[in-house]
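Architecture at a glance
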Amino acid sequence: MEQTLIIFKPSAIERAIVGSVLSRFERKGLTITAMKMMQLSEELLRQHYAHLVDRPFFPLILKSMTASPVIVMVLRGLDAIAVVRAMTGATNGRKAEPGTIRGDYAVSGQENIIHASSSPEDAEVEIKRFFSPDEIFDRTPVLTPFTYSADEIDMTLNQNPKP
């Protein structure tokens with residue numbers, strides 16, 4: 001099963017919509033394997049947004065992402081990265097489709113509620129940036145057989161056998 005990093009940004013925390021957004025991921029069938037609240041430092045944000053540090057809008061990112069604590073979490077599921085990205089919607093909330101998280105909760109390009117990993121490579125790096133291995137739990141919810149068909153679960157286990 002694939003894992004992805006989610007950050008509930010200060011815009012989600014301060015607007016008190018974390019529960020509403022989180023329940024969408026859970027209802028979809030994704031499994032929470034790690035979660036914590038933290039205050040992001042400028043150093044950590046410079047690492048996380050290294051590809052944007054030289055852009056003129058980076059100071060706005062710093063201001064926005066340090067305005068309050070954030071909640072970081074790891075979600076797991078089949079094709080979790082693509083599923084979460086589809087659920088999240090376009091970066092600019094005004095352009096995000098209704099029914100997506102940003103389409104339903106955001107009207108800003110910057111204050112856009114949530115960060116989601118964009119690729120398996122990014123997810124791996126981002127998860128390691130925010131979580132130590134002992135903070136991530138390898139758990140399979142009891143309802144998994146009612147979330148995925150047996151052939152999907154078997155296929156996943158065969159691709160990623162446990163040690």
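Report follows, based on the coordinates. (Residues numbered from 1 in each chain as written. Predicted model: local features only at pLDDT ≥ 70, side-chain atom pairs only at ≥ 80, totals over all residues. Heavy atoms only, no water.)

This part takes up the sheet that holds strand β3 (residues 70-77). Taken together, the four strands give an open sheet; going across it, the order is β2-β3-β1-β4, and neighbouring strands pair in antiparallel fashion. Sheet topology places β2 (31-38) and β4 (114-116) at the edges, where each strand pairs with a single neighbour. Here the strands of the sheet are splayed against their neighbours by 20° on average, with no regard to which way each runs. In terms of strand pairing, strand β1 (residues 2-8) meets β3 through seven bridges, oriented antiparallel. Each residue of the ladder has a partner; that of Gln-3, found in β3, is Arg-76. Sitting on the sheet, helix α7 (residues 120-130) is in contact with β1, β2, β3 and β4, with an inclination near 60° to β1. (Pairing = 2+ DSSP bridges. Helix = DSSP H or I, 4+ residues; strand = E, 2+ residues; numbered from the N terminus. Axes fitted to C-alpha atoms, helices over the stretch in contact; angles between N-to-C directions. Contact = heavy atoms within 4.5 Å.)

What follows covers the pattern of salt bridges. What the rule picks out here adds up to five salt bridges. With its nearest N and O atoms 3.2 Å apart, the salt bridge here joins Glu-135 to Lys-36. You can see Glu-135 sitting in the loop between α7 and α8 (150-159) and its partner Lys-36 sitting in strand β2, a full 99 residues away along the chain. Glu-135 sits in the partly exposed class, given a relative accessible area of 29%. (Salt bridge = Lys/Arg side-chain N within 4 Å of Asp/Glu carboxyl O. Buried < 20%, exposed > 50% of the residue type's maximum accessible area, 1.4 Å probe, protein only.)

Moving on to helix α5 (residues 80-88). Taken together, the buried positions of α5 are occupied by Ala-80, Ile-81, Val-84, Met-87 and Thr-88. Seen from one end, α5 has its buried residues packed into an arc of 135°, which puts them on one side. Turned more than 90 degrees from where α5 packs its buried face, Ala-82 and Ala-86 sit exposed. Against β1, α2 (18-28), β3, α6 (101-105), β4 and α7 lie the buried residues of α5. Following α5 by one or two positions, Gly-89 has its phi on the positive side, about 90°. (Arc of directions from axis to C-beta.)

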